[in-house]
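# Structural overview
Here are the chains, one letter per residue:
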Amino acid sequence: MTERRIRQRGLWLEELEPGTIYEHRPGRTMTEADNVLFTTLTMNTQALHLDAAWAEGTEFGERLVNSMHTLATLVGLSVAQLTQGTIVANLGFADIRFPAPVRHGDTLYAETLVVDVRPSSSRPGQGIATLEHTGRNQRGEVVVVATRSVLMQGRPAEGQGDA
């Protein structure tokens, strides 16, 4: 029997269909350690993320997860299923919203709607996809939404790409 190998990858441009929603699993539980590390690595000194005593006096009553960490995790959750090894570049983000806070211990679940796909007019074999990422917590509440444009690889010619 001949051994067959399949390398994990995201989707080629041609495999992205507008109107399709991809559910990304597993989710990611957002821990206090994650939040403090991300916040300090990015030099964000916002007390809402770092100072428990101060945050107790806010309307939230506790520290919240840094929204940039939430956004980065939202996109990260989509990588294995959509763009691993098939993305050329992030082109930009639009319409980023955080309609509800993320708290330590919340689990973020992500899904992506393919909004649009088109071939590149200047880069043969590549194209632009517009993706709407949505993150929900374990209670199903939407906590983050972001629209992202990405430059994607088209499917390689037969025999030149991964199986």
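What you see as residue numbers is a count from 1 along each chain, following the sequence as written. Whole-chain, interface and lining totals are the exception, using all residues; otherwise, since this is a predicted model, local features are given only for residues with pLDDT of at least 70 and side-chain atom pairs are given and counted only at 80 or more. Side-chain measures here rest on the full set of heavy atoms in the structure, leaving out hydrogens and waters.

### Considering the overall build of the chain
The secondary structure content of the chain amounts to four helices and five strands. Reading the secondary structure of the chain in the N-to-C direction produces β-α-α-α-α-β-β-β-β. In terms of overall dimensions, the chain has a C-alpha envelope of 60 × 45 × 30 Å along the principal axes. The long-range fraction of contacts in the chain, counting pairs at least 24 apart against all pairs at least 6 apart in sequence, stands at 71%. Put simply, the chain shows about 9,400 Å² of open surface, and 51% of that area lies on carbon and sulfur atoms. Note that His is not counted, nor are the chain ends; the positive residues are Lys and Arg, and the negative ones are Asp and Glu. A charge is said to be at NZ when it belongs to Lys, at CZ for Arg, at CG for Asp and at CD for Glu. In the chain, the 15 positive side-chain charges and the 19 negative ones have mean positions that sit 6 Å from each other. Helix and strand labels come from DSSP, where a helix needs a run of H or I of at least four residues and a strand needs a run of E of at least two; each type is numbered from the N terminus. Contacts are assigned to residue pairs that have any heavy atoms within 4.5 Å of one another. Under the convention used here, a 1.4 Å probe and the Shrake-Rupley method define accessible areas, while residue burial counts only the protein chains that appear.

### Considering the pattern of salt bridges
Between Lys or Arg on one side and Asp or Glu on the other, a salt bridge is scored when a side-chain nitrogen of the former is within 4 Å of a carboxyl oxygen of the latter. In this structure the tally under the stated criterion is ten salt bridges. Its salt-bridge partner being Glu-15, residue Arg-155 comes within 3.7 Å of it at the nearest N-O pair. With Arg-155 in the segment after β5 (142-153) and Glu-15 in the segment before β1 (21-29), this pair connects stretches of sequence that are 140 residues apart. Residue classification places Glu-15 among the partly exposed positions, given a relative accessible area of 22%. Across the pair Asp-106 and Arg-139 runs a salt bridge whose closest N-O atoms are separated by 3.9 Å. With a 1.4 Å probe rolled over the protein chains alone, any residue whose accessible area is under 20% of its type maximum counts as buried; one over 50% counts as exposed, and the rest are partly exposed.

### Quick look at helix α4 (residues 67-82)
Owing to its 3.6 residues per turn, the α-helix brings residues three or four apart onto one side. For α4, spanning 16 residues, the distance from its first C-alpha to its last is 23 Å, which sits close to the expected 22 Å at 1.5 Å a residue. Of the positions making up α4, those classed as buried are His-69, Thr-70, Leu-71, Thr-73, Leu-74, Val-75, Leu-77, Ser-78 and Leu-82. On its buried face, α4 sits against β1, α1 (32-41), β2 (87-97), β3 (107-119), β4 (126-136) and β5. Within 3.5 Å is the distance limit for a polar contact, defined as a pair of N or O atoms, with the added protein rule that one can donate a hydrogen and the other accept it, and that residues adjacent in sequence qualify only through two side-chain atoms. Regarding α4, its N-cap is Asn-66, as a side-chain oxygen of that residue lies 2.8 Å from the backbone nitrogen of Met-68 further along. Residue count minus one, scaled by 1.5 Å, sets the expected span of a helix.

### Let's talk about the environment of Val-65
Topologically, Val-65 is positioned in the loop between α3 (52-56) and α4. Sequence spacing of Val-65 and Asp-51 is 14 residues, and the spatial spacing of their C-alpha atoms is 12 Å. Excluding anything up to four places from it in sequence, Val-65 contacts Met-30, Asn-35, His-49, Thr-70, Val-102, Arg-103 and His-104.

### Details of the sheet that holds β2
Think of a sheet as strands paired side by side through backbone hydrogen bonds, with each pair either parallel or antiparallel. With antiparallel pairing, five strands are arranged side by side in an open sheet as β1-β3-β4-β5-β2. On the outer flanks of this sheet lie β1 and β2, each paired with one strand and no other. Pairwise comparison of adjacent strand axes, ignoring direction, gives a mean angle of 25° for this sheet. Think of it this way: DSSP has to see at least two bridges between two strands before they count as a pair. Relative to β5, β4 runs antiparallel, the two being bridged by eleven bridges. Counted as the bridge partner of Gly-127 is Met-152 from β5. Between N-to-C directions, angles span 0 to 180 degrees; the directions come from axes that are lines fitted to C-alpha atoms, helices contributing only their stretch in contact.

### Points about the side chain of Thr-107
Position of Thr-107 among the secondary structure elements: in strand β3. Using a relative accessible area of 13% as the deciding quantity, one classes Thr-107 as buried. Within polar-contact distance, the side chain of Thr-107 engages the side chain of Thr-29 at 2.7 Å. Leave out the neighbours within four places in its chain, and Thr-107 touches Gly-27, Arg-28, Thr-29, Arg-136, Asn-137 and Gln-138.

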